[in-house]
Amino acid sequence: MSVVPVIEADVLRRQDPELAEILLGELARQSTTLQLIAAENFSSPAVLAALGSPLANKYAEGYPGARHHGGCEIVDVAERVAVERAKALFGAEHANVQAHSGSSAVLAAYAALLRPGDTVLALGLPYGGHLTHGSPANFSGRWFDFVGYGVDAETGIVDYAQVRSLARLHRPKAIVCGSIACPRHIDYALFREVADEVGAYLIADAAHPIGLVAGGAAPNPVPYADIVCATTHKVLRGPRGGMLLCGSELAERVDRAVFPFTQGGAQMHTIAAKAVAFGEAATPAFTAYAHQVVANARVLAAGLAGEGFVVTTGGTDTHLITVDPLPLGVDGRAARGQLAAAGLVLDCCPLPHGDSRGLRLGTAAVTTQGMGEGEMATIAALLAGVLRGRVDTRRARDEVRDLVGGFPPYPG
Ligand SMILES: *Cc1c(COP(=O)(O)O)cnc(C)c1O
């Protein structure tokens with residue numbers, strides 16, 4: 001049996017060759033190039049099976065035991081299992097697993113705690129804040145009054161002194177901690193202290209590190225934050241989706257903020273797939289995986305530093321690395337294109353001084369493939385070789401193909 005049931009079943013190939021070809025083409029792309037996008041991973045065959053299941057057919061507005069549709073008795077069990085597994089995995093009193101995405105989870109957290117026009121303190125977008133942390137192009141920037149803190153231009157670490165002074169000055173209703181570019185652990189206890197001092201809610205947007213938290217390789221924000229928002233598809237390796245974790249006292253507000261305030265029917269196939277992923281994340285194998293992700297990132301960061309990249313914060317505590325490639329003669333935007341042509345797929349990202357010419361890499365996907373420290377050194381040399389023009393694009397593509405050929409994400 002193949003790992004991609006929908007393709008293996010041959011049903012799609014027979015009925016819709018055009019789409020079958022697209023799906024197989026993407027599978028081939030993922031299997032022959034190097035996936036270094038920090039937000040991506042390879043979810044398991046079991047997760048994909050749940051996603052491709054007939055639970056996708058079921059309408060289920062509401063919550064288990066209180067649905068607006070009939071016939072929910074089976075999917076209710078799936079959602080209860082997902083909730084119980086999430087609570088156990090993260091030590092939370094309450095979990096909502098219906099959020100369709102990380103952004104939907106953040107929207108629901110704001111809806112649970114804030115009113116339009118409220119002041120919110122979050123990491124500024126030029127320093128790694130997410131769109132939902134006050135971008136003018138996003139609902140958050142339109143409906144709330146965001147104040148942005150930054151990172152220390154020298155160390156690249158959150159400027160905690162500035163967080164405190166801005167909190168005292170602006171008295172925000174909520175403080176958001178979480179980043180798309182921070183390679184270091186966040187000091188949740190310190191954020192909690194500042195939030196308490198000014199009477200603000202603390203929202204931890206742990207979309208990136210939550211998978212490391214599950215594997216015991218990063219600090220857990222649950223004991224500190226009023227609400228933790230997360231994705232389920234990054235290091236956590238589940239289906240694309242979101243979730244919220246909170247204490248019992250906010251449970252009802254959070255649930256109502258998801259449904260009916262910001263969403264309609266729950267996606268039961270995705271919720272079942274989240275349950276599968278939480279089950280996987282509770283195993284010793286996942287704990288080992290999470291620690292290997294970090295070990296790999298540390299070796300990759302050191303390798304990149306050795307090749308002349310400026311590594312933000314001097315290294316990493318997580319799956320994520322950000323670098324300035326300028327010493328190699330190219331900025332992040334040009335570098336991303338050159339590297340993509342060579343089969344090395346990664347993102348641009350903000351750098352500590354606030355421009356977006358950095359490169360962001362992550363080790364979640366390559367570690368799932370089974371790569372270890374040795375391969376990380378090879379990858380660092382490949383990245384530098386391409387950008388310095390030591391290795392031409394065609395040869396780099398071949399080298400990438402050879403490397404990933406030994407670690408198929410979906411064997412068979
Ligand atoms: C990825 C991410 C999100 C959004 O997740 P989506 O599923 O893409 O909506 C939100 N916040 C942070 C910090 C993220 O890294």
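All residue numbers refer to position in the chain's written sequence, counted from 1. pLDDT decides what is reported in this predicted model: residues at 70 or higher carry local features, side-chain atom pairs at 80 or more are listed and counted, and totals for whole chains, interfaces and linings draw on all residues regardless. Side-chain measures here rest on the full set of heavy atoms in the structure, leaving out hydrogens and waters.

A. Expanded view of the pattern of salt bridges. Salt bridges, as used here, are contacts in which a Lys or Arg side-chain nitrogen is within 4 Å of a carboxyl oxygen on Asp or Glu. Applying the stated criterion across every chain, the model contains 18 salt bridges. For arginine 67, the salt bridge identified is with aspartate 76, shortest N-O distance 2.6 Å. Grouping residues by exposure puts arginine 67 and aspartate 76 together as buried. Arginine 168 is the partner of glutamate 197 in a salt bridge, and the nearest nitrogen-oxygen pair spans 2.5 Å. Of the two residues, glutamate 197 is situated in helix α9 (residues 188-198) and arginine 168 in helix α8 (residues 160-170); the sequence distance between them amounts to 29 residues. On the accessibility criterion, glutamate 197 (35% relative accessible area) is partly exposed. Members of the salt-bridge network, linked through shared partners, are Arg164, Arg168, Glu193 and Glu197. Only protein chains enter the accessibility calculation, which uses a 1.4 Å probe; a residue whose area is less than 20% of its type maximum is buried, one above 50% is exposed, and one in between is partly exposed. A helix here means a DSSP run of H or I that spans at least four residues, while a strand means a run of E at least two residues long, and both kinds are numbered starting from the N terminus.

B. Region of interest: the domain arrangement of the chain. Source of the domain bounds: an automatic or database domain assignment. If you check the domain split of the chain, you get domain 1 (54-281) and domain 2 (284-405). Computed from C-alpha coordinates alone, the two centres of domain 1 and domain 2 are separated by 28 Å. Contacts were defined at the residue level, with two residues in contact if any of their heavy atoms lie within 4.5 Å. Taken together, the contact between domain 1 and domain 2 spans 28 residues of the former and 25 residues of the latter. As a working definition, buried area equals the accessible area (1.4 Å probe) given up by two parts on being put together, with both sides summed. Together, Pro183, Arg184 and Arg237 form the three largest contributors to the area buried by domain 1 at its contact with domain 2, with a combined 28%. Across the pair aspartate 317 and arginine 184 runs a salt bridge, and its minimum N-O distance is 2.8 Å. Two N or O atoms count as a polar contact when they lie within 3.5 Å, although within protein this holds only if one can serve as hydrogen donor and the other as acceptor, and sequence-adjacent residues are included solely when both atoms are side-chain atoms. Summed over the shared surface of domain 1 and domain 2, the result is 11 residue pairs in polar contact (both at pLDDT 80 or more). Of all elements in the fold, only α10 (210-214) and α12 (268-281) reach the threshold of two or more residues within the side of domain 1 that touches domain 2. Top contributing element to the side of domain 1 that touches domain 2 by residue count: α10, with 3 residues. Polar here means any residue other than Ala, Val, Leu, Ile, Met, Phe, Trp, Tyr, Cys and Pro, which are nonpolar, and Asp, Glu, Lys and Arg, which are charged; Gly is therefore polar. The residue inventory of the side of domain 1 that touches domain 2, partitioned by class, reads 16 nonpolar, 8 polar and 4 charged.

C. View of helix α6 (residues 102-113). Here α6 spans 17 Å end to end across 12 residues, near enough to the 16 Å set by a 1.5 Å rise per residue. The buried fraction of α6 is high, at 9 of 12 residues. All buried positions along α6 are accounted for by Gly102, Ser104, Ala105, Val106, Ala108, Ala109, Tyr110, Ala112 and Leu113. For α6, the side-chain oxygen to backbone nitrogen distance between the N-cap and serine 103 is 3.3 Å, and the N-cap itself is serine 101. One less than the residue count of a helix, multiplied by 1.5 Å, gives the span that helix is expected to have.

D. Seen up close, the packing of aromatic side chains. Pairs were defined over the aromatic rings of Phe, Tyr and Trp, the Trp ring being its six-membered one, requiring ring centres within 6.5 Å. Orientation was assigned from the angle between planes: stacked under 30 degrees, edge-to-face over 60, tilted for the rest. This model, assessed by the stated rule, comprises 9 aromatic pairs. On the basis of an interplanar angle of 75° and a centroid distance of 6.5 Å, the ring pair of tyrosine 63 and phenylalanine 259 is categorised as edge-to-face. Placement of the pair is tyrosine 63 in strand β2 (residues 62-63) and phenylalanine 259 in helix α11 (residues 248-262), with a sequence separation of 196 residues. In this structure phenylalanine 259 comes out as buried when scored by relative accessible area, which is 10%. Between phenylalanine 139 and tryptophan 143, the ring centres sit 5.8 Å apart and the planes meet at 55°, which makes this aromatic pair tilted. Residue phenylalanine 139 and its partner tryptophan 143 are located together in helix α7 (residues 139-143), separated by 4 residues, close to a single helical turn. Residue tryptophan 143 is classed as partly exposed on the basis of its relative accessible area, which comes to 48%. Taken together through their ring pairs, the aromatic side chains of Tyr110, Phe139, Trp143, Phe144 and Phe146 make up a single cluster. Seen from the ring of tyrosine 289, arginine 237 lies directly overhead, with NZ or CZ sitting 4.2 Å from the centre. A positively charged side chain is recorded as over a ring if its NZ (Lys) or CZ (Arg) lies within 6 Å of the ring centre. The angle to the ring normal must also be within 35 degrees.

E. Molecular detail of unusual backbone geometry. For the peptide bond that leads from phenylalanine 259 to proline 260, omega is 10°, which places it in the cis range. By the element assignment, proline 260 lies in helix α11. In this structure, arginine 171 takes a positive phi of about 45° despite not being glycine. Its place among the elements puts arginine 171 in the loop between α8 and β7 (174-177).

F. Just helix α16 (residues 373-387), in detail. The end-to-end C-alpha distance of α16 is 22 Å, a good match for the 21 Å that 15 residues give at a rise of 1.5 Å each. Burial in α16 covers these residues: Met376, Ile379, Ala380, Leu382, Leu383, Ala384, Gly385, Val386 and Leu387. Looking one or two residues past α16, glycine 389 carries a phi angle of roughly 75°, positive in sign.

G. Examining the packing of α8 against α9 more closely. For helices, the axis comes from a line fit to the C-alpha atoms of the stretch in contact; other axes are also lines fit to C-alpha atoms, and the angle between any two N-to-C directions lies between 0 and 180 degrees. One can describe the packing of α8 onto α9 by two numbers: an axis separation of 9 Å at closest approach and a directional angle of 15°. Considering the angle they form, α8 stands roughly parallel to α9. As α8 packs across α9, the resulting crossing turns out to be right-handed. In contact with Tyr160, Val163, Arg164, Ala167 and Arg168 of α8, α9 contributes Leu190, Phe191, Glu193, Val194, Glu197 and Val198. Note on angle classes: values under 35 degrees are labelled roughly parallel, values over 145 roughly antiparallel, values of 65 to 115 roughly perpendicular, and the remainder oblique. Each crossing is labelled by how the near helix is turned from the far one, with a counterclockwise turn of less than a right angle marking it left-handed and a clockwise turn marking it right-handed.

H. Layout of the nonpolar core. Among the nonpolar cores identified, the biggest contains 59 residues, and Phe90, Tyr149, Ile175, Phe191, Ile210, Leu236 and Leu245 are the most heavily contacted of them. By residue number, the principal contributor to this core is helix α5 (residues 73-90), which donates 6 residues. Counting residues domain by domain, this core receives three or more from each of domain 1 (54-281) and domain 2 (284-405). Beyond its immediate stretch of four places on either side in the chain, isoleucine 210 contacts Phe90, Val228, Ala230, Thr231, Leu236, Met243 and Leu245. Put simply, a nonpolar core is a bunch of buried Ala, Val, Leu, Ile, Met, Phe, Trp, Tyr and Cys residues held in one set by side-chain atoms that sit within 4.5 Å of each other. Counting 35 residues, the second largest nonpolar core, distinct from the first, contains Leu36, Leu304, Leu359 and Ala384.

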